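Structure at a glance
Here's the letter readout for the chains.
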Amino acid sequence: MGLFDFFKKKENNETPKSETPKSELFLSLSKYNEYIVRFVGMQQQGNYAPISAYEKANGEIVGFLYVIGDDNSYSLSAEEVIEKMESSFKIKMVNNEISSYVILYHSQFADDNNHKLANNDNELKAITVSYNFKNGNCGKIGLPYSFEKDEITYKGFKNFSQAENNIIFKTQLIENKDYFQDREEIKAPLIENEIGLKIKKSNNSDLSNTWCGVFGFETYRKPNGSQILMEYFALAMTNGKVTKHNNISISQLDYNDISLKGISVDDNPKTILPVIKTDYVLDVVNKEINEWENIENLEAIITGNGRDTFGLTYFATDYAENREKYLSKKEHKIKISGIAFVLDISKVENTDGEVKYSEDFTMYMPNNDLPNYACFDFIGQLEDFKETFLLENNSQKGYIMKVRLITNPDIKDFFTIDIFVTQENMRFNDLTKGMKITGMFQMQGQIAE
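All figures in this text were calculated on a predicted structure; none of them were measured in a lab.

**A short note on the overall build of the protein chain**
Scanning the protein chain from terminus to terminus reveals eight helices and 22 strands. Its C-alpha atoms give the protein chain a radius of gyration of 28 Å, more than 25% over the compact-globule value 22 Å for 449 residues. Counting all 449 residues of the protein chain, 49% fall into the buried class. Looking at the protein chain alone, contacts between residues at least 24 apart form 63% of all its contacts between residues at least 6 apart. A total of about 23,100 Å² of accessible surface is found on the protein chain, and carbon and sulfur atoms cover 45% of it.

Dropping the structure here:
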């Protein structure tokens, strides 16, 4: 959003007369003026996360912020952030560590007493400043605003005079100053269960990239591109083969090489996921399970070792029905397969044209851009492939490729898995048996019955 004047001039262009601030609340809150202006600036940059600041016993003002660390798979909602801030500050105030604090967030305030958190764009009406002083003065005040094209117009704090509002918005921020000296990293909850499995939580993961791998990134990301998935979710719920696992129902649509699994809990649809059919089974020892809390722990990414030699991470397509098996035992026979997000011809050469690797070189390594989704960059040998179709009218075309990812001179299929690729995600036209291919894929697995 563009820069703007904080207050529109009156139509008669009158200039407000100079006035000495008299409001006790204004005088108390004035120590936090920089943070009000800083929060307005954050909104201009599209950042609507709550912030806070507190006054130490010696009068020093310290800004506080929750930040997401390197692992961005877990975050806190604005409501959770505010609750944690309030709880922490109240304890510090009781312990005489701080003498006041403010929490700033976006609310539904519209010159009324409604300071409820704004949870969507339609509810964005004001900046609320929640304040608490050790002398017992506490409450909330609102700074209403309105959106007009690419600008935001602020109406000023109703509790303050025009002169007091002017003082706030004329506050100059100090260049290059770190206003949030106190930061706390949001960490995903992590425990270790009785058998030594690490259980980590994720609460903002989804399968959007996975479905882009099935339908094609360009197609799926078009407006209404995901509509076809919703249609097949409904079809799976009504026409799919149903199996029951306590209160969990699995409704499955089977095609030649892929199944679509719709999952519901107590007859309420929750998620749908693709399963690449395969006969390739691997002995796996699991070490860590990353449960998707936002999908009611029906989906998970699991990390372990294959054949006691190499590491792997896979999206467990059967986690909804087999969660207890995964949590109670480390060793499993796992069917491993994958979905290619992008596929290209491998050119394993240096810039001078010399071959960089041996002819039978293959490899896979975790992808840096999607570290929490079992995604891998790879160079593989295409051992074989076949054309495949899915959906009711066979409208979705792709290939099942048998790709060697680890070359072992003693064991032919040491790690050679089936990977699905839709034609749209290929950067070349024709597959050829024996060719070297490269790209990125998501690994998936399920317990072999």
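**Some thoughts on the packing of helix H2 (residues 33-44) against helix H4 (residues 162-169)**
Where H2 contacts H4, the axes come no closer than 8 Å and their chain directions differ by 70 degrees. Taken together, H2 and H4 sit at an angle that is classed as roughly perpendicular. Packed against H2, whose contacting residues are Asn33, Ile36, Val37 and Val40, the element H4 presents Ile167, Ile168 and Phe169 at the interface. For the contact of H2 with H4, the per-class residue count stands at six nonpolar, one polar and no charged.

**Describing the packing of aromatic side chains**
Under the defined criterion, the tally for this structure stands at 26 aromatic pairs. Arranged with centres 6.1 Å apart and planes meeting at 10 degrees, the rings of phenylalanine 215 and tyrosine 220 form a pair that is stacked. Summarising the burial analysis for this pair, phenylalanine 215 and tyrosine 220 share the class buried. Each ring, one from phenylalanine 378 and one from phenylalanine 441, has its centre 5.5 Å from the other, and the planes form 80 degrees; the classification is edge-to-face. Of this pair, phenylalanine 378 sits in strand E19 (residues 375-390) while phenylalanine 441 sits in strand E22 (residues 436-447), and the two are 63 residues apart along the sequence. Neither residue differs from the other here; phenylalanine 378 and phenylalanine 441 are each classed as buried. In textbook terms, an aromatic cluster arises when at least three aromatic residues are bridged by ring pairs, as seen for Tyr280, Phe310, Tyr364, Phe376, Phe378, Phe414, Phe415 and Phe441. Directly above the aromatic system of tyrosine 54 lies the positively charged group of lysine 92, at a separation of 5.2 Å from the ring centroid.

**Some words on the sheet that holds strand E11 (residues 248-254)**
Overall, antiparallel pairing links the four strands, which are arranged E10-E11-E12-E13 in an open sheet. The open sheet is flanked by strand E10 (241-245) and strand E13 (268-276), the only strands paired with a single partner. Neighbour to neighbour, the strand axes of the sheet diverge by 25 degrees on average, direction disregarded. Two strands pair when backbone bridges link them, and E11 and strand E12 (residues 258-265) are joined in this way by seven bridges, in the antiparallel orientation. Each residue of the ladder has a partner; that of glutamine 252, found in E12, is lysine 261. Most of the contacts of helix H5 (residues 208-215) go to E13, to which it runs at about 50 degrees, and overall it touches E12 and E13. Of the strands in this sheet, E10, E11 and E12 touch helix H8 (residues 319-328), which is tilted by about 125 degrees from E11.

**Overview of the pattern of salt bridges**
Think of it this way: side chains of opposite charge can pair up when their charged atoms draw near. All chains considered together, the criterion is met by 17 salt bridges. A salt bridge links glutamate 34 to lysine 177; its shortest N-O distance comes to 3.9 Å. Of this pair, glutamate 34 sits in helix H2 while lysine 177 sits in the loop between H4 and strand E7 (182-186), and the two are 143 residues apart along the sequence. The partner of lysine 333 in a salt bridge is aspartate 283, with the nearest N and O atoms 2.8 Å apart. Of the two residues, lysine 333 is situated in strand E17 (residues 331-345) and aspartate 283 in strand E14 (residues 281-292); the sequence distance between them amounts to 50 residues. Looking at lysine 333, the relative accessible area reads 49%, which means it is partly exposed. Relative accessible area serves as the criterion here: at 44%, aspartate 283 is assigned to the partly exposed category.

**As for the confidence of the model for the protein chain**
Residues of the protein chain with pLDDT of at least 70 account for 93%, and the chain-wide mean is 92. This model gives residues 1-16 a pLDDT under 50, and the stretch forms 27 contacts once residues within four places in sequence are excluded.

**Notes on the sheet that holds E7**
With mixed pairing, the seven strands of this open sheet are ordered in space as E6-E5-E4-E3-E1-E2-E7. Strand pairing shows two members of the sheet lacking a second neighbour, strand E6 (151-154) and E7, which therefore form its edges. On average, each strand axis in the sheet is tilted by 20 degrees relative to the strand beside it, whichever way the strands run. Two strands pair when backbone bridges link them, and strand E5 (residues 138-148) and E6 are joined in this way by four bridges, in the antiparallel orientation.

**Considering the pairing of strand E15 (residues 300-306)**
When you tally the buried positions in E15, you get five out of seven residues, the bulk of the element. Pairing geometry for E14 and E15, over seven bridges, is antiparallel. By the bridge assignment, glutamate 288 is partnered in E15 with threonine 303. Relative to strand E16 (residues 310-316), E15 runs antiparallel, the two sharing six bridges. The partner of isoleucine 302 across the bridge, within E16, is tyrosine 314.

**A look at unusual backbone geometry**
Although it is not a glycine, asparagine 297 adopts a positive phi angle of roughly 60 degrees. With respect to the helices, strands and loops of the structure, asparagine 297 is situated in the loop between E14 and E15. Accessibility expressed as a relative area gives 18% for asparagine 297, which makes it buried. Here the phi dihedral of asparagine 394 falls at roughly 55 degrees; this positive angle occurs in a residue that is not glycine.

What counts, and at which threshold
Residues numbered from 1 in each chain as written. Predicted model: local features only at pLDDT ≥ 70, side-chain atom pairs only at ≥ 80, totals over all residues. Heavy atoms only, no water. Helix = DSSP H or I, 4+ residues; strand = E, 2+ residues; numbered from the N terminus. Rg over C-alpha atoms; globule rule 2.2 N^0.38 Å. Buried < 20%, exposed > 50% of the residue type's maximum accessible area, 1.4 Å probe, protein only. Contact = heavy atoms within 4.5 Å. Areas by Shrake-Rupley, 256 points an atom, 1.4 Å probe, with all protein chains shown as cover. Axes fitted to C-alpha atoms, helices over the stretch in contact; angles between N-to-C directions. Parallel < 35°, antiparallel > 145°, perpendicular 65-115°, else oblique. Nonpolar A, V, L, I, M, F, W, Y, C, P; charged D, E, K, R; others polar. Phe/Tyr/Trp six-rings, centres within 6.5 Å; stacked < 30°, edge-to-face > 60°. Lys NZ or Arg CZ within 6 Å of the ring centre and 35° of its normal. Pairing = 2+ DSSP bridges. Salt bridge = Lys/Arg side-chain N within 4 Å of Asp/Glu carboxyl O. pLDDT = per-residue confidence, 0-100.

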